[in-house]
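Listed here are the chains, written in short residue letters.
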Amino acid sequence: DPRLYNGSGVAELLRPMGTAPCLLKTKDWWTYEFCYGRHIQQYHLEESEIKGDILVLGYYQSAFDWDDETAKASKQHQLRRYHSQSYVNGSRCDLTGRAREAEVRFLCEEGAGDYIARVDEPQSCSYVLTVHTTRICHHPFLRPSPGLAPQPIRCQPALSPAQYVQYVRAQVSDTKRKVEEISEELRTLDTRLWSDRDSEPPSQSPEGTQDGMAPVPTSQMSPPVPTLCPPCPPLLPLRPSAAPSPVLAPLVEPRKKIHFKVIRSPGDLLQFIEELKETTRKGRD
């Protein structure tokens, strides 16, 4: 509870960093130098010597005021438990034409010294330095929230081995029952389909006959043959009487078309049945 805290403020806890050595962090090509309360610089080091230009990412401007009610209203610092400083008026940015600027965020890390944990550039020439330090861990606003005690999780199977075997058997039985129902419906539909086609009178070709035999009408072509995947006993055996005579094969072959439909599930089979029904219904009309 902050009301029970009567120690030093955040600024006083961090003040000794002003006389401590500057913090360095090398990230890829660049080395970043943070001098508390003064400036932030960026340069390239080779054998501990600075090579090339030194870019200033900002000079110290201000720090977050924990006593200011307007500043505390944002709640961001309290929720994420960090203290921040603003550094502005750095070197001119070639991309934006404005001066570089940076924000330094101080986070508590128990038992650690002062070090730059990470450097980010969320926008061009606008930087965020995250500094971990143990200096602020006693402040109630910056102390890490206490972790919740872990609760044990007990796991056990939803079904016993005997119940699981019974469940699998029930699933297999139900699948067989559905296949039998669909097979019976297909047989009924097949009988009705061939009955309707046998009752239709043979159609004459405008070109007449050839070799004394009439060509087979298109309506007598073989229906699409369903293929069930994975393989199972055939559900639509073709009647031998429906197959064209070998003598008529030369006349039928140029016009014969065989359609195949792959059926991977009972749903595909039901859809195929509906298509056959629709085809039969249109043929009657």
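Residues numbered from 1 in each chain as written. Predicted model: local features only at pLDDT ≥ 70, side-chain atom pairs only at ≥ 80, totals over all residues. Heavy atoms only, no water.

The name recorded for the protein chain in an unreviewed UniProt entry is Endoplasmic reticulum lectin, from Grantiella picta. What the UniProt record of the protein chain gives under Subcellular location (unreviewed entry) is the line "Endoplasmic reticulum lumen". If you open the UniProt record of the protein chain and go to Sequence similarities (unreviewed entry), you find "Belongs to the OS-9 family." (UniProt positions renumbered as here; feature names shortened; annotations may be inferred.)

### Side note on the overall build of the protein chain
Of the regular secondary structure elements, the protein chain holds six helices and 10 strands. Counting every position in the protein chain, which comprises 285 residues, the buried fraction comes to 28%. A separation of at least 24 residues holds for 55% of the contacts in the protein chain among residues at least 6 apart in sequence. By element, 53% of the accessible surface of the protein chain is carried by carbon and sulfur atoms, the whole surface being about 19,700 Å². (Helix = DSSP H or I, 4+ residues; strand = E, 2+ residues; numbered from the N terminus. Buried < 20%, exposed > 50% of the residue type's maximum accessible area, 1.4 Å probe, protein only. Contact = heavy atoms within 4.5 Å. Areas by Shrake-Rupley, 256 points an atom, 1.4 Å probe, with all protein chains shown as cover.)

### Description of the environment of Ala99
With respect to the helices and strands, the residue Ala99 is situated in the loop between strand 5 (83–88) and strand 6 (101–108). When the C-alpha positions of Ala99 and Ser126 are compared, they lie 9.1 Å apart, and in sequence the two are 27 residues distant. Apart from residues lying up to four places away in sequence, Ala99 is in contact with Asn89, Gly90, Ser91 and Arg92.

### Thoughts on the side chain of Ser126
Secondary-structure assignment places Ser126 in strand 8 (residues 126–133). Here Ser126 falls in the buried class, since its relative accessible area comes to 17%. Every residue in contact with Ser126, bar those within four places of it in the chain, is listed here: Glu101, Asp120 and Glu121.

### A few points about the pairing of strand 2 (residues 30–35)
Burial analysis of strand 2 places five of its six residues in the buried class, the great majority of the element. In terms of strand pairing, strand 1 (residues 23–27) meets strand 2 through five bridges, oriented antiparallel. Bridging from a neighbouring strand, Leu24 pairs with Glu33 of strand 2. Between strand 1 and strand 2, which pair antiparallel and follow one another directly, the connecting turn spans two residues, one of which, Asp28, has a positive phi of 60°. Here strand 2 runs beside strand 3 (residues 39–46); their pairing, made up of five bridges, is antiparallel. Looking at strand 3, one finds that Phe34 is bridged to Ile40. (Pairing = 2+ DSSP bridges.)

### Here we look at the pattern of salt bridges
Going through the model one piece at a time under the given rule, you end up with nine salt bridges. Note that Asp114 is salt-bridged to Arg135, the shortest N-O span being 2.7 Å. Separated by 21 residues along the polypeptide, Asp114 in the loop between strand 6 and strand 7 (115–123) and Arg135 in the loop between strand 8 and helix 4 (161–199) bring together distant segments of the chain. (Salt bridge = Lys/Arg side-chain N within 4 Å of Asp/Glu carboxyl O.)

### Side note on the sheet that holds strand 3
With mixed pairing, eight strands are arranged side by side in an open sheet as 1-2-3-4-5-6-8-7. With partners counted over all chains shown, the strands left at the sheet margins are strand 1 and strand 7, one partner each. In this sheet, neighbouring strand axes are inclined to one another by 25° on average, regardless of whether the strands run parallel or antiparallel. (Axes fitted to C-alpha atoms, helices over the stretch in contact; angles between N-to-C directions.)

### Here we look at the packing of aromatic side chains
With the rule as written, the count across this model stands at five aromatic pairs. For the ring pair Phe34 and Phe106, a centre distance of 6.1 Å and an interplane angle of 55° mean the geometry is tilted. Placement of Phe34 in strand 2 and of Phe106 in strand 6 is noted, with a sequence separation of 72 residues between them. Judged by relative accessible area, which is 0%, Phe106 ranks as buried. (Phe/Tyr/Trp six-rings, centres within 6.5 Å; stacked < 30°, edge-to-face > 60°.)

### A look at the state of the cysteines
Cysteine pairs can be covalently joined through their sulfur atoms, and such a bond is termed a disulfide. Throughout the structure, instances matching the rule amount to three disulfides. Each sulfur of the disulfide joining Cys93 and Cys125 lies 2.0 Å from the other. Every disulfide takes its handedness from the sign of the S-S torsion; for Cys93 and Cys125 that torsion is 65°, giving right-handed. Here Cys93 is found in the loop between strand 5 and strand 6, whereas its partner Cys125 is found in the loop between strand 7 and strand 8, with 32 residues between them in sequence. For Cys93, a relative accessible area of 1% gives the class buried. With its sulfur 2.0 Å from that of its partner, Cys108 forms a disulfide with Cys137. Looking down the S-S bond of the Cys108 and Cys137 bridge, the torsion is 105°, so its handedness is right-handed. In this pair, Cys108 is assigned in strand 6 and Cys137 in the loop between strand 8 and helix 4, connecting sequence segments 29 residues apart. A relative accessible area of 16% places Cys108 in the buried class. With cysteine numbering restricted to those in disulfides and following the sequence, the protein chain has the pairing 1-2, 3-5, 4-6. (Disulfide = S-S within 2.5 Å.)

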